[in-house]
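# Fold and contact review
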Amino acid sequence: MGGIIAEKNKKAVMEDTLRYIGVEPDLSESDKESETLVPSVVGMNLEDARGALNYAQLEYKIEGAGHVVLRQIPEGMTSVAKNATVILYTEENEENQGE
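Residues numbered from 1 in each chain as written. Predicted model: local features only at pLDDT ≥ 70, side-chain atom pairs only at ≥ 80, totals over all residues. Heavy atoms only, no water.

### Here we look at unusual backbone geometry
Just so we agree on the cut-off: A run of H or I in DSSP counts as a helix once it spans at least four residues, and a run of E counts as a strand once it spans at least two, with each numbered from the N terminus.
Omega for the bond connecting I73 with P74 falls within 30 degrees of zero, at -5°, which places this linkage in the cis form. Residue position: P74 is located in the loop between β3 (71–73) and β4 (79–81). Its identity is not glycine, yet Q57 carries a phi of approximately 60°, on the positive side. As for its placement among the helices and strands, Q57 is situated in the loop between α3 (46–55) and β2 (59–63). Backbone geometry places N83, a non-glycine residue, at a positive phi of 75°.

### Some points on the side chain of Q72
Selection criterion: Identification of polar contacts relies on pairs of N or O atoms within 3.5 Å, with a donor-acceptor requirement for protein atoms, meaning one able to donate a hydrogen and the other able to accept it, and with residues adjacent in sequence counted only if both atoms are side-chain atoms. In this description, contact between two residues means that some pair of their heavy atoms is separated by no more than 4.5 Å.
Structurally, Q72 can be placed in strand β3. From its side chain, Q72 meets the backbone oxygen of P39 in a polar contact 3.1 Å long. A polar atom in the side chain of Q72 sits 3.1 Å from the backbone oxygen of P74. Those residues within four positions of Q72 in sequence are excluded, and the remaining contacts are V38, P39, S40, V41, V42, V86, I87 and L88.

### What to know about the nonpolar core
What counts here: By convention a nonpolar core is built from buried Ala, Val, Leu, Ile, Met, Phe, Trp, Tyr and Cys residues, the set being connected through side-chain atoms within 4.5 Å. When accessible area is computed with a 1.4 Å probe and restricted to protein chains, residues below 20% of their type maximum are described as buried, those above 50% as exposed, and intermediate ones as partly exposed.
If you look at the biggest cluster of nonpolar residues, it comprises 12 residues: V38, V41, L46, A49, L53, A56, L58, V69, V80, A84, V86 and L88. Here this core gets three residues from one element, more than from any other, and that element is α3. Here L53 is in contact with P39, V41, L58, Y60, V86 and L88, once residues within four sequence places are set aside.

### Quick look at the environment of P39
With respect to the secondary-structure elements, P39 resides in the loop between β1 (35–37) and α3. Along the chain, P39 and L58 lie 19 residues apart, while their C-alpha atoms are 9.6 Å from each other. Among residues more than four places away in sequence, those in contact with P39 are A52, L53, A56, L58, Q72 and G76.

### Structural notes on α3
Stated precisely, the cut-off is as follows: The arc in question is the one traced by the directions running from the helix axis out to the C-beta atoms.
Residues of α3 that are buried include every one of L46, A49 and L53, and no others. Take α3 and look down its axis: the buried residues cluster within an arc of 60°, on one side only. Counted as exposed and oriented over 90 degrees from the buried face of α3: E47 and Y55. Looking at the packing, one finds that the buried side of α3 touches β2 and β5 (85–89). Where α3 starts, the residue carrying a side-chain oxygen 3.1 Å from the main-chain nitrogen of E47 turns out to be N45.

### Re the pairing of β5
In the case of a regular strand, side chains alternate between the two sheet surfaces. Put simply, the rule is: For two strands to count as paired, DSSP must find a minimum of two bridges between them.
Pairing geometry for β2 and β5, over five bridges, is parallel. Within β5, the residue paired with I62 across the bridge is L88. Where β3 meets β5, three bridges bridge the pair, whose relative direction is antiparallel. Bridge pairing links R71 to Y89 in β5.

Any functional reading would require information beyond the geometric quantities listed.
Listed below in structure tokens is the structure:
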């Protein structure tokens, strides 16, 4: 059973990683119907960002203790599978302050 769970997690991690580096999947028409565009929530407060992501049928993970979204992965207007996870960054860390 653990192998099945690990395999599903590995698939999700690989899909997210490939999208992050700009490699888009080759999808059939039926696969495209199960996709959605990621809304751009940078600059929104967390409550509004959560609402926008829920409306787009996306999951989210919040990184940081701030109240405003400073960055997101994947970026807004990226096509992803419904129920994909969007990472919301609400605080700058030392390595991102120079960007």
